[in-house]
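A closer look at the structure
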Amino acid sequence: MNKINKNLKDYFLPICLIIVLSFSRLIPHPWNFTPVLAMGIFSGFYFKNFILGSFVVVFSMFVGDLFLGFHSTMFFTYASLIIAVVLGLFINKFKFTEILFSGLASSACFFVVTNFGAWLTLEMYEKNLAGLFQSYVLAIPFFHNTLISTFLYLTVLKLLFDFLIKKRIIIKPT
């Protein structure tokens, strides 16, 4: 029975994160204003495990996509989220400077990777340098939502994380 309780406690946070992330995509929100990049960074930081962190984020996206529908740029979206997990692996103390750097880096990577994928897979862009440039220019209005939401959700996660550590509800990762 103790082993079952320990396993439930070990997997409680990842399961909660998957559920919250999946449902966050189903509620109405502005384009690219989601907690997914922030959760990718946090998963890498907290779990310190590439496989588990990536699974939490990609599986949540997949569950959301079951309801929202699949699309031609999914591979690029998921790849950019895995990059966010990798960035989270390099965070040591989850300080605001680390939040600032990882949030900016993950948002920029998401922008570059997903818009390259849009250029590559969508028929709306010519398959030349001008078409690639056009895909990035047309995506600029959405970038601020990605950046703001990533910073906002990382800050909320930091405050919640510090509170849960203080109340001894979760333990600080080693």
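Provided above is the structure to which this section pertains.
Residues numbered from 1 in each chain as written. Predicted model: local features only at pLDDT ≥ 70, side-chain atom pairs only at ≥ 80, totals over all residues. Heavy atoms only, no water.

With that settled, the discussion passes to a nonpolar patch on the surface. A contiguous nonpolar patch, built from Ile15, Ile19, Phe23, Leu26, Phe55, Phe59, Phe62, Leu66, Phe67, Leu68 and Phe70 and spanning about 1,100 Å² of accessible area, is present on the exposed surface. Of all the elements in the fold, those that place two or more residues in the nonpolar patch are α1 (2-26) and α3 (50-68). In terms of residues, the nonpolar patch owes the most to one element, α3, which gives six residues. Along the chain, Phe59 falls in helix α3. (Patch = residues over 30% accessible without salt bridge, like charges linked within 9 Å, V, L, I, M, F, W, Y side chains within 5 Å. Areas by Shrake-Rupley, 256 points an atom, 1.4 Å probe, with all protein chains shown as cover. Salt bridge = Lys/Arg side-chain N within 4 Å of Asp/Glu carboxyl O. Helix = DSSP H or I, 4+ residues; strand = E, 2+ residues; numbered from the N terminus.)

Close contact between helix α5 (residues 96-121) and helix α6 (residues 129-166) brings their axes to 8 Å; oriented N to C, the two are set at 150 degrees. Considered as vectors, α5 and α6 are oriented roughly antiparallel to each other. Read as a crossing pair, α5 and α6 show a hand that is right-handed. By residue class, the composition of the contact of α5 with α6 is 18 nonpolar, ten polar and one charged. (Axes fitted to C-alpha atoms, helices over the stretch in contact; angles between N-to-C directions. Parallel < 35°, antiparallel > 145°, perpendicular 65-115°, else oblique. Left-handed = near helix turned anticlockwise from the far one by under 90°. Nonpolar A, V, L, I, M, F, W, Y, C, P; charged D, E, K, R; others polar.)

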